[in-house]
Amino acid sequence: MDWKFLFSLLGLALCLSPVRAANEASALVVVYNASDPTSQALASYYAGRRQIPPERVVGIPCALTEEITRQDFQKTIADPLRKIFLEKGWWKMAGGRVSTSTIRFAVLMRGMPLKIQSAGPGVAPRTDQPPPIGSRDEASVDSELAALGLGEVPAPGLVPNPFYRRFTPILQAITDPGLLLVCRLDAPSDLTVRAMIDDAISVEQGGLWGWGYVDSRSIKDGGYAEGDEWLKTAASEMREQGIPVLWDKAPETLPVGYPVTDAAVYLGWYADSIVGPFADPNFRFRPGAIAVHIHSFSAATVRSVQGGWCGPLLARGAAVTVGNVYEPYLTLTAHLDVFQDRLMAGFTFAESAYMSLRALSWMNVSIGDPLYRPYAAWQRMQVKVRGEKKDNWQKYRSIVLAADGNVAAAAEALTQTAQATGDSMFLESLAAVDADAGSFDQSLALVNKALAMESRPLVRFRLVLEKIGLLRAMGKISDLRTLLASERGKTPGA
């Protein structure tokens, strides 16, 4: 009996209750910059799409820059919002902390400042936290606001996140009522923000389907091994949940020209600005995609289509991402294994993001619709009548789940379905699992079968690359030379 899978279904059913979804919308406040007409227009658009009443759409005049001082943060953002929350009765205070709250989600619209700069070397470090953490006074606006209701928060250092690694919806969790799950709808352009909103709402109806791409670095030891472990776990969990995964373990990031197709999820690291296939301005994720690249300054700005990672990923069609505005240290970034696991369990983007974070009043930002559930359709499909038509992504997931999440155990059914549908995805995914397990002969046979049925140039190109890698790993130099000679001069667009 696969208890983990049964518990995930139970959690999914709980998360996707229509009553809960309505309650979440009623527990959300939309915040825009009253000095920016575009920010107000985006706030109205989002509120309309999510049916947020006008009284929970609030504007505060503040700077138009992404970076502000802590003094400006307190004067123009923190103090006004605290006053609004108290005057409207959303918060009740006791002992300097929020004792009860009817607001658990907040979304900052494009135009709101992004980060709070350091006051410099004169800041007195905290003695209850180790250096250098206790001396860091810079932070993201979002993370600072998440701790706004938790009492007096010293500027330097961090606040432990009471929601870290939870598996209970925020509206039902026994946790500090002052905790606010703050996300932002921000991107290089207002048109991109509108697309993020529309895609999230649309994808919730039919589900997020496509490939998962994981790009780790094969780090075995040292402090950075933790990041690779997150990606390894995320790849395994996606496979167990019926998402086909292509997992690159080379130390380098995916190279320019690597044929990424039908990308629903991308998790990788470690380059300072967008590189490889994602740097192509014509690249597009599938609508509603989840895309995250771990880097210390991935969200130093979200207004650029080329600088950093968060802005460019969103400009290329991703609906959500997470990142850091300043150096966070690896263990204090979003733990991507927890993040992806909670999304697949049916939690909202905001819940999943904050469940993955150890700290508040820190460097993290979560960019996307806080109420977005990319896998909301999964639970509905559990109760669909047998024989209802499914697309190939849905067929793939059904086959894997029928094998208790074991892709290798589903080999026969996947092979038969590939032959019946003519879709090489079933074989390529199985070949990737075999290759990761060291079964290179089996993997090569599957790649050859996939090539025999595949006509799409980009997918064929990727399959050839996979075949080259397998021949190299098997030491079949003569076969590799023959393959290279036969492919010489061919291009992905040929």
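About the criteria used
- Residues numbered from 1 in each chain as written.
- Predicted model: local features only at pLDDT ≥ 70, side-chain atom pairs only at ≥ 80, totals over all residues.
- Heavy atoms only, no water.
- Helix = DSSP H or I, 4+ residues; strand = E, 2+ residues; numbered from the N terminus.
- Rg over C-alpha atoms; globule rule 2.2 N^0.38 Å.
- Buried < 20%, exposed > 50% of the residue type's maximum accessible area, 1.4 Å probe, protein only.
- Areas by Shrake-Rupley, 256 points an atom, 1.4 Å probe, with all protein chains shown as cover.
- Lys, Arg positive; Asp, Glu negative; His and termini not counted.
- Charge placed at Lys NZ, Arg CZ, Asp CG, Glu CD.
- Pairing = 2+ DSSP bridges.
- Expected span 1.5 Å × (residues − 1).
- Contact = heavy atoms within 4.5 Å.
- Core = buried A, V, L, I, M, F, W, Y, C linked by side-chain atoms within 4.5 Å.
- pLDDT = per-residue confidence, 0-100.
- Axes fitted to C-alpha atoms, helices over the stretch in contact; angles between N-to-C directions.
- Parallel < 35°, antiparallel > 145°, perpendicular 65-115°, else oblique.
- Nonpolar A, V, L, I, M, F, W, Y, C, P; charged D, E, K, R; others polar.
- Phe/Tyr/Trp six-rings, centres within 6.5 Å; stacked < 30°, edge-to-face > 60°.
- Lys NZ or Arg CZ within 6 Å of the ring centre and 35° of its normal.
- Salt bridge = Lys/Arg side-chain N within 4 Å of Asp/Glu carboxyl O.

Visitor: Describe the overall build of the protein, with residues and values.
Guide: Counting its regular elements, the protein contains 17 helices and 17 strands. Here the C-alpha radius of gyration of the protein, 23 Å, is about what a compact globule of 494 residues would show, namely 23 Å. Its C-alpha atoms put the protein at 70 × 55 × 40 Å along the principal axes. Of all 494 residues assigned to the protein, the portion counted as buried reaches 56%. Surface summary for the protein: the accessible area is close to 19,700 Å², and the carbon and sulfur share equals 55%. Across the protein, the mean location of the 50 positive side-chain charges is 3 Å away from that of the 51 negative side-chain charges.

Visitor: With reference to specific residues and values, describe the sheet that holds strand β7 (residues 115-116).
Guide: If you trace the 3 strands from one edge of the open sheet to the other, you get β3-β7-β8, paired in mixed fashion. In this open sheet, the two edge strands, each paired with only one partner strand, are β3 (67-68) and β8 (139-140). Relative to β8, β7 is paired through 2 bridges, and the arrangement is antiparallel. Looking at the pairing, I116 lines up with A139 of β8.

Visitor: Could you give me a rundown of helix α7 (residues 225-240), with the residues and numbers involved?
Guide: Residues separated by three or four positions in an α-helix point in the same direction, a consequence of the helix having 3.6 residues per turn. With 16 residues, α7 ought to run about 22 Å at 1.5 Å a step, and its terminal C-alpha atoms sit 23 Å apart, in line with that. Phi for G242, located one or two positions after α7, is positive at around 85°.

Visitor: Explain the pairing of strand β5 (residues 97-101) to me, using residue names and the numbers behind them.
Guide: Remark: a regular strand shows side chains that alternate across the two faces of the sheet. As paired strands, strand β4 (residues 91-94) and β5 are joined by 4 bridges and run antiparallel to one another. Residue pairing across strands places K92 opposite T100, the latter belonging to β5.

Visitor: Give me the lowdown on the side chain of R110, citing residues and values where you can.
Guide: Assignment of secondary structure puts R110 in the loop between β6 (105-109) and β7. When its relative accessible area of 17% is taken as the criterion, R110 is described as buried. Here R110 is in contact with D36, S39, L42, L185, D186, A187, P188, S189, D190, V193 and R303, once residues within four sequence places are set aside.

Visitor: Tell me about the nonpolar core, and name the residues and values.
Guide: Counting 159 residues, the largest nonpolar core has I77 and F285 as its most contacted members. The element that contributes the greatest number of residues to this core is helix α14 (residues 425-436), accounting for 7 residues. Beyond its immediate chain neighbours, meaning those up to four positions away, I77 contacts I60, C62, I68, D72, M112, P113, V141 and L145.

Visitor: Talk me through the side chain of E454; I want residue IDs and the actual numbers.
Guide: Relative to the elements of secondary structure, E454 occurs in the loop between α15 (440-453) and α16 (457-474). Residues in contact with E454, not counting those within four places in the same chain, are S424, V459, R460 and L463.

Visitor: So, the environment of L171: which residues are in play, and what are the values?
Guide: Within the secondary structure, L171 sits in the loop between β9 (159-160) and β10 (181-185). For L171, a relative accessible area of 34% corresponds to the partly exposed category. Sequence separation between L171 and D337 is 166 residues; the distance between their C-alpha atoms is 23 Å.

Visitor: Which residues make up the confidence of the model for the protein, and what values do they have?
Guide: Mean pLDDT over the protein: 92, with 92% of residues reaching 70 or higher. Counting interchain partners and residues more than four positions distant, the pLDDT-below-50 stretch residues 1-7 has 6 contacts. The low-confidence segment residues 383-387, where pLDDT is below 50, has 0 contacts with residues more than four positions distant or belonging to other chains.

Visitor: Run through the packing of helix α13 (residues 411-421) against α14, naming residues and quoting values.
Guide: At their nearest, the axes of α13 and α14 sit 8 Å apart, and the two run at 150° to each other. Regarding the angle of α13 to α14, the classification is roughly antiparallel. Of α14, the residues touching α13 (which contributes A411, L414, T415, T417, A418 and T421) are F426, L427 and L430. Within the contact of α13 with α14, the residues separate by chemical class into 6 nonpolar, 3 polar and no charged.

Visitor: Describe in detail the packing of aromatic side chains, supporting the description with residues and values.
Guide: Taken as a whole and judged by the stated rule, the model has 16 aromatic pairs. Ring centres 6.3 Å apart and planes at 25° place the aromatic pair Y266 and W309 in the stacked group. Separated by 43 residues along the polypeptide, Y266 in strand β13 (residues 263-268) and W309 in the loop between β14 (289-293) and α8 (310-315) bring together distant segments of the chain. Each member of the pair Y266 and W309 is classed as buried. The cationic tip of R217 hangs over the ring face of W269; the distance from NZ or CZ to the ring centre is 4.6 Å. Across from the ring centre of W247, 4.1 Å away, lies the NZ or CZ of K249, which sits over that ring.

Visitor: Explain the environment of E226 residue by residue, including any values.
Guide: Tracing the backbone through its elements, the reader meets E226 in helix α7. Here E226 falls in the partly exposed class, since its relative accessible area comes to 25%. Taking the C-alpha atoms as reference points, E226 and L330, 104 residues apart in sequence, are found 8.0 Å from one another. If we ignore the near neighbours within four places in the chain, the residues touching E226 are L330, T331, H335 and R358.

Visitor: Requested: an account of the pattern of salt bridges, with residues and values cited.
Guide: For the structure on display, the rule yields 23 salt bridges. When the shortest N-O distance is used, the salt bridge between D79 and R82 registers 3.0 Å. Taken together, the residues D79 and R82, both in helix α4 (residues 70-87) and 3 residues apart, mark about one turn of the helix. We note a salt bridge from R110 to D186, for which the minimum N-O separation is 4.0 Å. Of this pair, R110 sits in the loop between β6 and β7 while D186 sits in the loop between β10 and α6 (190-206), and the two are 76 residues apart along the sequence. You'll find R110 and D186 in the same group, each marked buried. Overlapping salt bridges, with partners in common, bring together E66, R110, D142, R184, D186 and R303 in one network.

Visitor: Quick one: what's the story with unusual backbone geometry, residue by residue and with numbers?
Guide: Peptide bonds are trans in most cases, and residues, glycine excluded, mostly fall at negative phi. That bond from P131 to P132 is cis: its omega, 0°, falls within 30 degrees of zero. Structurally, the position occupied by P132 is in the loop between β7 and β8. Put simply, W269 and Y270 share a cis peptide bond, and its omega is 25°. Along the chain, Y270 falls in the loop between β13 and β14. Here the phi dihedral of Q51 falls at roughly 55°; this positive angle occurs in a residue that is not glycine. Within the secondary structure, Q51 sits in the loop between α3 (37-50) and β2 (57-60).

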